[in-house]
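Spelled out, the chains give:
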There are 2 protein chains.
Amino acid sequence: MINNKQRIKYFPYLDKIQTPEQAALLIKNKDVLGVSGFTKAGDSKTVLPQFAKRALHEDLKVTVLSGASLGYDTDADLAKNGALYKRMPFQADPTLRKSINSHEVLYVDQHLGQTADMLQKIDKFKINIAIIEAVSITDEGFIVPTTSVGNSPIFADNADQIIIEINTTFPESLAGIHDVKLLKKQPNREIIPVLESDSRIGDPYIRIDPNKVVAIVFTKVPDSPAVIADPDEKTTAISNHILKFLEKEVEAGRLTESLLPLQAGIGKTANAILSGFTNSKFKNLTMYSEVLQDSTFELFDSGKLLFASASSITVTESCSNKIFSNFEKYKEKLLLRPQNISNAAEVISRLGVIGINTAIEVDIYGNVNSTHIAGTKMMNGIGGSGDFARNGYLSIFACPSISKEGRISHVVPMVAHTDHTEHDVDILVTEQGLADLRGLAPVERARLIIENCVHPDYKDQLLTYFEEAYALGGQTPHILEKAFSWHTMLKDKGTMKVEELVDNLH
Amino acid sequence: MINNKQRIKYFPYLDKIQTPEQAALLIKNKDVLGVSGFTKAGDSKTVLPQFAKRALHEDLKVTVLSGASLGYDTDADLAKNGALYKRMPFQADPTLRKSINSHEVLYVDQHLGQTADMLQKIDKFKINIAIIEAVSITDEGFIVPTTSVGNSPIFADNADQIIIEINTTFPESLAGIHDVKLLKKQPNREIIPVLESDSRIGDPYIRIDPNKVVAIVFTKVPDSPAVIADPDEKTTAISNHILKFLEKEVEAGRLTESLLPLQAGIGKTANAILSGFTNSKFKNLTMYSEVLQDSTFELFDSGKLLFASASSITVTESCSNKIFSNFEKYKEKLLLRPQNISNAAEVISRLGVIGINTAIEVDIYGNVNSTHIAGTKMMNGIGGSGDFARNGYLSIFACPSISKEGRISHVVPMVAHTDHTEHDVDILVTEQGLADLRGLAPVERARLIIENCVHPDYKDQLLTYFEEAYALGGQTPHILEKAFSWHTMLKDKGTMKVEELVDNLH
């Protein structure tokens, strides 16, 4: 058994040390679990996976609440072994996704900032066991988290029992980067006094009732590394459009060269966009985000970034090695918060965050689908995109104009699922260009989006739809019989492109 | 000329007194106007209407920003006389609506809490002239508003010139019910320190630069009275379902008998719902809303309501007479705020407001359309419903299950326009019943909504759609070819009901 008892400063816990296998036996059928982990960072590396193994041979089904996505295989194994009844508030795993779309697992997709509130409002998800990864235990028995805070504070508060997984792969020097505050339920909810990205408002650990702790487990498994493709021609073009737009905002005096705190969603496009700031004119940047990816550390290294606040650190293996081999270099510039504070409407609107998120598809009026394929099948969850898009100073959504050799246009007549309405989308950008939609009526938005963002192969086709609908009148002109014709054509003929069909007929 | 100079305590303004006709001449073609008025309350009664008259004979087109809707005929006359280039952030006028849907007027529909921020972010709506109704002028030249605050503080701040319309129909004792604070642009945005409905955080007047004032006009025209139909069987049933639900929440210990601050949208249904609280078990209620209707004053009279904060008072003629003939009775219990504070995400989430809003249609997954007919034609704007639905403690949406002798079902397979996504809708209620959607996956939501909220005439038809889609899989099962078939059938055959068609064929 991996063991490193000096990480436990609260001695009564020493009697509670168990193997992951033993601890996993504490979980009962129909339990509600609240587990640490946000975008693969700081999740349970052994107890939850051990429970998934149990479920292969036992009749066990549980509800799992997390911060966001868990590490490789955990959600997949839970799903594959039939261990999940319900899952929330986020997932991004291909196997789990399949189980969700085939109705084997119920999935509740939530704004990531709102899960903690939900637990205070309703009791149907009263947590039986919280499983929380820690880098160490304070002398009061409190938990020092690892690479994410996520929903762990509310899970620990709400839970009957707590299992702590001490992960010795992380240096103890991680202690200090967390800022934890548990918000009270209304009507006693307090002001969240975050005034800057680096405002500290709580404790560097999660306060818990030590009597709830039923097991302490040691592990030495690193976070599943992020795999992020390098920027390519498209993502670089998108990044450049955004930088150019922001430069103009600075020239016009609407922003300063340090802009406002940046948020970026997860994945290749968002990471590439943020990387672009490395060679920009901007300086003294800050981030108030939910996840920090490799690009954050590039920005630190380039001297562009002063401070980054988020709920997790999710980086590639090489970036992880860079950070943790020289952690003192970054430590004073980082803060990890509970996700109901990193994603709080109150703070995001006060700081005026510039939110940069990605879309699956957008429509001519600027509505955004972030989650569903063909309006039906879940891809990844909505995550925190809505928290930032609704409340930030600027809400930017990016996607490629086309994919699958041009058979799919990501700008469509009408999104088949709406995650963000036109009210919450200021800027749309593809590799083709950027549309600044602020203060525009829907029909103005449509013309600008078609002009600036749509791939040339689809421009006429989209304009034809718009003009036909426009002629019939309406604030947001649509022809309901044809609104999803691009989606159904893709399903039936394998392409959204009308010309191609015509060509094939000849 | 109506005149009542003692309402002006700042003497340099005495030289600026003009007739409405004279003041209306100050407005130039292509101007951007920022006008007071929120849900018909506290709007310009003479200058803006006089400008509309001018536009009948002159080539004048302006952009008009308001708080929300204006009094009878003002928006209609502006539209009819071709005086509007662009209108925002709200409208509810049949004539204007027609001009919007026929593309004669551009309309930007906004979350009512966000217009002030927009003016600080972009300069394309730099206000040339603000026209603000006042009950009096302080000795520093500041404006004491009448029955609404709305966006007047930001308009006055942003404007080059200000026209003040002193309306002597309102008693001077209105002074004192306003609480005005102008928020700074990010990164200097401050905490909004509202901790309770009755928190005072600003001044009882709008601070302005007296040098900007170009005209003072006297008027004596009352607010256009609200016309609210009495509660009927359906709205009473809806109200009772909500009361019963809230009683259960109290019984379960999740809320106390004073609940949390209430918000209610405008119109017959919302007013009836709120009236229902008069004979409820709840006590010591508070409101943190955007509009106060007759029901608020019924609740005061019944002793149920302690305090009400909003951005405007919009009541019927008889209610208006009751209030203003005995204003001292209500004064200490009322506060009117700028709409970016009444509708601030920060405050709504901190206080935990219970938001009750109405829908045009809802779908089986709980998405809400508040604004568009057949996905295309604008009815009323989104208003503040999104501010409350996203950020409140509970987000309740109500609508009748059917209308037009049953030819329209207000629960449809897929809403043809999305204003509020399923993430922001906790409770759906029709006269048939209530569905508590909190913590449910989409497929669970669908079964509950169909079971509890749908009219019996449409239950099988909706279940058939859902089951067919469900069999094909997906997190949010839809058949895109059929998702709008109810809407297109209504258009083509005059009814959404399949049975009726079958009957007619026989």
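Placed above this text is the structure.
Residues numbered from 1 in each chain as written. Chains lettered and ligands numbered in written order. Predicted model: local features only at pLDDT ≥ 70, side-chain atom pairs only at ≥ 80, totals over all residues. Heavy atoms only, no water.

1. Considering the overall build of chain A
Across its full length, chain A holds 18 helices and 25 strands. Expected size for 506 residues packed as a compact globule is a radius of gyration near 23 Å; at 23 Å, chain A falls within 12% of this value. Projecting the C-alpha coordinates of chain A onto the three principal axes gives extents of approximately 75 × 55 × 45 Å. Among the 506 residues that make up chain A, the fraction classed as buried is 67%. Pairs at least 24 apart in sequence give 73% of the contacts found in chain A among residues at least 6 apart. Counting every atom, chain A has about 17000 Å² of accessible surface; 50% of that belongs to carbon and sulfur. (Helix = DSSP H or I, 4+ residues; strand = E, 2+ residues; numbered from the N terminus. Rg over C-alpha atoms; globule rule 2.2 N^0.38 Å. Buried < 20%, exposed > 50% of the residue type's maximum accessible area, 1.4 Å probe, protein only. Contact = heavy atoms within 4.5 Å. Areas by Shrake-Rupley, 256 points an atom, 1.4 Å probe, with all protein chains shown as cover.)

2. Examining the interface of chain B and chain A
How big an interface is tends to be reported as the loss of accessible area on association of its parts. Contacts between the two partners involve 79 residues from chain B and, on the opposite side, 78 residues from chain A. Viewed at the interface, chain A and chain B are joined by eight salt bridges. Of the charged contacts, one joins B:Arg350 and A:Glu346 as a salt bridge, the two residues approaching to 3.2 Å between their closest N and O atoms. On the surface where chain B and chain A come into contact, there are 47 residue pairs in polar contact (both at pLDDT 80 or more). (Salt bridge = Lys/Arg side-chain N within 4 Å of Asp/Glu carboxyl O. Polar contact = N/O pair within 3.5 Å; in protein donor to acceptor, adjacent residues only side chain to side chain.)

3. Some details on the pattern of salt bridges
For the coordinates displayed, the defined rule picks out 66 salt bridges over all chains. Among the salt bridges present, the one from A:Asp301 reaches A:Lys329, with a minimum N-O distance of 3.2 Å. Residue A:Asp301 is located in helix 9 (residues 294-301), and its partner A:Lys329 is located in helix 11 (residues 327-331); the two are separated by 28 residues in the primary sequence. Within this structure, A:Asp123, B:Glu249, B:Arg254, B:Asp436 and B:Arg438 form a network of salt bridges that share partners.

4. Digging into the packing of helix 8 (residues 268-276) of chain A against helix 9 of chain A
All names here are of chain A. For the pair helix 8 and helix 9, the least separation of the axes is 8 Å and the interaxial angle reads 10°. Between helix 8 and helix 9, the interaxial angle falls into the category roughly parallel. Contacts between helix 8 and helix 9 involve Asn271, Leu274 and Ser275 from the first element and Asp294, Ser295, Thr296, Glu298 and Leu299 from the second. In terms of residue class, the contact of helix 8 with helix 9 is built from two nonpolar, four polar and two charged. (Axes fitted to C-alpha atoms, helices over the stretch in contact; angles between N-to-C directions. Parallel < 35°, antiparallel > 145°, perpendicular 65-115°, else oblique. Nonpolar A, V, L, I, M, F, W, Y, C, P; charged D, E, K, R; others polar.)

5. Description of the relation of the copies chain B and chain A
The operation relating chain B to chain A is a screw motion whose rotation component is 180°, with 0.0 Å of axial translation and a residual RMSD of 0.0 Å. Taken together, the rotation angle and the small translation identify this as a two-fold axis. Using C-alpha coordinates, one finds that chain B approaches the rotation axis most closely at B:Glu346, a distance of 2.0 Å. A shared interface surface links the copies, since 99% of the contact residues of chain B are contact residues in chain A too. (Least-squares fit on C-alpha atoms with pLDDT ≥ 70 in both.)

6. Concerning helix 16 (residues 456-471) of chain B
All names here are of chain B. With 16 residues, helix 16 ought to run about 22 Å at 1.5 Å a step, and its terminal C-alpha atoms sit 23 Å apart, in line with that. Residues Tyr458, Gln461, Leu462, Tyr465, Phe466 and Ala469 constitute the buried set of helix 16. The buried side chains of helix 16 occupy one side of the element, clustering within an arc of 135° when seen end-on. Along helix 16, the residues that are exposed and aim more than 90 degrees away from the buried face are Pro456, Asp460, Thr464 and Ala471. Just downstream of helix 16 lies Gly473, where phi reads positive at about 90°. (Expected span 1.5 Å × (residues − 1). Arc of directions from axis to C-beta.)

Remember, this is a structural readout, not a statement about activity or role.
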